[in-house]
Amino acid sequence: MQVSRRGLLAASAIGLAAPSISYGQSDVIRIGHLTPRTGFLGPLGEYAVQAIQLAGEEINAAGGINGKRLELLMEDSVNPQTGSAKAERFVQRDKVAAIVGEINSATALAIAQVVNRERVLFVNTGANSDALRGSDCQRFMFHVEGQNSMYVKTVGRALVAKGLVRGKKYYALTADYAFGHDLLRVAKNFMGGAGGTVAGEDLIPTDLTDFSPFLLKIRQARPDLVVANLAGAQITNFLKQYSEFGLRFPVAGFGFDTALAWGAGEGNFLGTWPVMWHHMIQAPSAQAFVRAFTTKYGRPPENQAWGDYTALKLVAQAMTATRGTDGMKIVEHFEGEGRMDILKTREGYFRKRDHQLMQEAYAVTALPPAEVKNRWDIFSPGDAVPAANESLEAIAATAEENACTFR
Amino acid sequence: MEIVFVFEQVLNGLLIGAFYLLIALGLSLIFSLGGIVNLAHGAFFALGAYLTVALAPTIGFGGAFVVSPVLVGLLGLLVERFLLRRFYRGDPILGLLLTFGLAMVAEQAFRMIWGAAPVPFSIPMALRGQVIIGELIFSRYRLLILLVAAIAVLGLWLLLTRTAFGRVVRAGVQNPDMVAALGISLKPYMSAVVAIAVGLAALAGVMSAPITGVHPAMGAEILTFAFVVVVIGGLGSFWGVVAAAFIVGVVRGLAAYYVPSATEASVYLLMVLVLLLRPRGLFGERIQKFE
């Protein structure tokens, strides 16, 4: 193998020249944003990036935080190893006051370990695994994203109401990584507890694009319900091919992102799915966000955009309230369980016990193709869960289901 | 009863195999003649899919089916003429780096133009539906893919074995110096081969657009699989690649049936086995210039 010395020299020169951030400015507050921008979660990461940029611009337009300008540093977290290394660099080299973002549950855990050691706030905006709020919970990590239990109980209620659980057989397809394993565990607890039985369950590699072998298995098993515990691009592929094979069993998902259904194409979206937020929520703050995002990016925001936008706004509010950027003070502020506008009808709060944002969720149901009017409004939104007269904790994991001891 | 379902998985695997084949044959051709491992092959596949989504509203899926591979083939001509051509005789690592870079540039370009989220696209109404024979079910659309792939493969085989063009290409694979000594320049042939190869990849992309997510990483996802097919089939062997594509499809289907979590791993395991037992691949030929 030959690599010319000149080439090597040029390459290293480019490498050294690239990042030129000036330090020592005390008039800015830096916040690091990490999220997967490539790979099977990349489609969601793009919404996350756009939303946090919008939130940052709005914060600065309103005078910044405590009179200081907010500066966002944004990176592709790629995978747990890279995500962890970048989190460390954000904290040690760039001296960020907080880290916001992430979608992949395994990467979120890696980042959480870094921030807990460095005592810097991390707000998780897209990783669902219950373990992150349970056995792996960390004092400096908060979760705007709903936990798997919330997703399962939200859609579970809808399924029970439709008579699709008690005495029925379900076939589960599950993404084969941290998120999926955790979700499958929670889903099986719920379905088993509500009287459902397993017709079949398969773990699906995250890079699998062809679902046909599994669709044939489902057809053979003749379940009463097909449950998709899938993630990222998997959901789009599953929806397209489920329609292609013309299977008629009802479909429900325990994990979902609206962007993946938008990407499936006309006539391919079906079933009942859970979301923490959608663009049809009528709260004034929600509709203001929808308008601002749509004006700036030419498409409505979805649940991932909501997560990163809301998280940055909450962090900025906490910094204003605590008059500084001290991580521990912000943690204690959030632990006070103060009520906050989270772009939904009801206000939410971080639960002290596990740092999960207590909030409404929604079970959305795909509209029949004939009723779909445009590219975006492809489902009927359904009522907020829990109902207005119930505690927000009704859908979250109980202390028995998911115990957290902060380290 | 069980045997019926296994049989169904085997047939379904053959259908998928046909699809891999369109990509793998091009990879094999470019490597055999030019000695370049084309890591950008997946990008041409993805471009085929994206062009379909972009063109279908105006010229229909049928129109995109023809126009998109042709456009990608023409782009292939340019890439060959201005980039690949400089690397045929050089250190193979340079060609590898070049195409790896091209793939990354292409993926990012898709992200910039069409966004990272999957772009919606569905099977055209006329091609939807299923064919049900007894217990077996087939997607009508996939049967169409099989038909198109079969015609493309047959056409390529006839081109390589029954025409003057094919004779020069095959000679060029075996002994480019002798071809040059006979006063034939391989350059235009290489251009044509690249155009055909990436055109086939784009054709696969067109047919994939209705049934898998059209997103920037779709090329990278399919490319690894196509490589495994080429490695199993053996370099320079047309029918080796054909056989390998079908074997990979079937092995994958059976793994999904019996050991679902090993669906992807099964294929790599198969590759390791073939490399251990037959390092040249199933029907690999001895190619002088690579020894």
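Where an unreviewed UniProt entry is consulted, chain B appears under the name Amino acid/amide ABC transporter membrane protein 1 (HAAT family), with the organism given as Humitalea rosea. The annotation that UniProt attaches to chain B under Sequence similarities (unreviewed entry) is "Belongs to the binding-protein-dependent transport system permease family. LivHM subfamily."

As recorded in an unreviewed UniProt entry, chain A goes by Amino acid/amide ABC transporter substrate-binding protein (HAAT family) and comes from Humitalea rosea. Per UniProt, the comment on chain A under Sequence similarities (unreviewed entry) is "Belongs to the leucine-binding protein family."

Notes on the environment of Phe19 of chain B
Residue and element names in this part refer to chain B. As for its position among the elements, Phe19 is in helix H1 (residues 2-34). Remark: the alpha-carbon pair of Phe19 and Gly249, spanning 230 residues in sequence, is separated by 9.1 Å. Excluding anything up to four places from it in sequence, Phe19 contacts Phe45, Ile145, Ala204, Ser208 and Ile222.

Details of the state of the cysteines
Residues and elements named next belong to chain A. On inspection of all chains with the given rule, the structure shows one disulfide over all chains. Each sulfur in the disulfide pair Cys137 and Cys404 lies 2.2 Å from the other. Because the sign of the S-S torsion sets the handedness, a value of about 90° for the bond joining Cys137 and Cys404 places this disulfide among the right-handed ones. One end of the pair, Cys137, is in the loop between strand S4 (121-124) and strand S5 (141-143); the other, Cys404, is in the segment after strand S15 (384-385), and 267 residues separate them in sequence. An identical accessibility class is assigned to Cys137 and Cys404; each is buried.

Examining the pairing of strand S3 (residues 98-101) of chain A
All names here are of chain A. Burial of the side chains of S3 extends over both faces: Ala98 and Val100 are buried on one face and Ile99 and Gly101 on the other. In terms of strand pairing, strand S1 (residues 28-35) meets S3 through four bridges, oriented parallel. Among the inter-strand pairings, Leu34 is bridged to a residue of S3, identified as Gly101. Both S3 and S4 contribute to a ladder of four bridges, which runs parallel. Following the sheet pairing, Ile99 is matched in S4 by Phe122. In this view, the connection linking S3 to its parallel neighbour S4 by way of helix H4 (residues 105-118) has right-handed handedness.

Comments concerning helix H2 (residues 41-82) of chain B
Counted at 1.5 Å a residue, the expected span for H2 of chain B with its 42 residues is 62 Å, but the 16 Å between its end C-alpha atoms falls short. Helix geometry: H2 of chain B is bent most strongly at Ile59 of chain B, by close to 125°.

Focus on the UniProt feature "transmembrane region" (unreviewed entry) in chain B
Residue and element names in this part refer to chain B. Within this structure's numbering, the places UniProt gives as "transmembrane region" (unreviewed entry) are residues 12-37, 43-75, 87-106, 143-160, 189-211, 223-251 and 257-277. For the annotated span residues 12-37, helix accounts for 88% and strand for 0% of the residues, and the straight-line distance between the end C-alpha atoms is 29 Å. Regarding residues 223-251, the helix share stands at 86% and the strand share at 0%, and the terminal C-alpha atoms are separated by 18 Å.

Regarding the domain arrangement of chain A
Residues and elements named next belong to chain A. Annotation of chain A at the domain level lists domain 1 (25-146 + 281-358) and domain 2 (149-275 + 361-395). Taking the mean C-alpha position of each, domain 1 and domain 2 sit 27 Å from one another. Facing 30 residues of domain 1, the contacting portion of domain 2 comprises 29 residues. At the boundary of domain 1 with domain 2, total buried surface from both sides reaches about 2,300 Å², with 61% on carbon and sulfur atoms. When the area that domain 1 buries against domain 2 is broken down by residue, the three leading residues are Phe40, Asp130 and Arg346, summing to 28%. At the surface where domain 1 touches domain 2, the tally comes to one salt bridge. Among the salt bridges present, the one from Glu393 reaches Arg351, with a minimum N-O distance of 2.7 Å. Where domain 1 packs against domain 2, one counts eleven residue pairs in polar contact (both at pLDDT 80 or more). When contributions to the side of domain 1 that touches domain 2 are tallied by element, the ones reaching two or more residues are helix H2 (42-61), H4, helix H11 (303-322) and strand S12 (357-358).

What counts, and where the lines are drawn
Residues numbered from 1 in each chain as written. Chains lettered and ligands numbered in written order. Predicted model: local features only at pLDDT ≥ 70, side-chain atom pairs only at ≥ 80, totals over all residues. Heavy atoms only, no water. UniProt positions renumbered as here; feature names shortened; annotations may be inferred. Helix = DSSP H or I, 4+ residues; strand = E, 2+ residues; numbered from the N terminus. Contact = heavy atoms within 4.5 Å. Disulfide = S-S within 2.5 Å. Buried < 20%, exposed > 50% of the residue type's maximum accessible area, 1.4 Å probe, protein only. Pairing = 2+ DSSP bridges. Right-handed = clockwise from strand over helix to strand, strands pointing away. Expected span 1.5 Å × (residues − 1). Bend = angle between axes of the 7 residues up to and from the residue. Domains from an automatic or database assignment. Buried area = accessible area lost by both parts, 1.4 Å probe. Salt bridge = Lys/Arg side-chain N within 4 Å of Asp/Glu carboxyl O. Polar contact = N/O pair within 3.5 Å; in protein donor to acceptor, adjacent residues only side chain to side chain.

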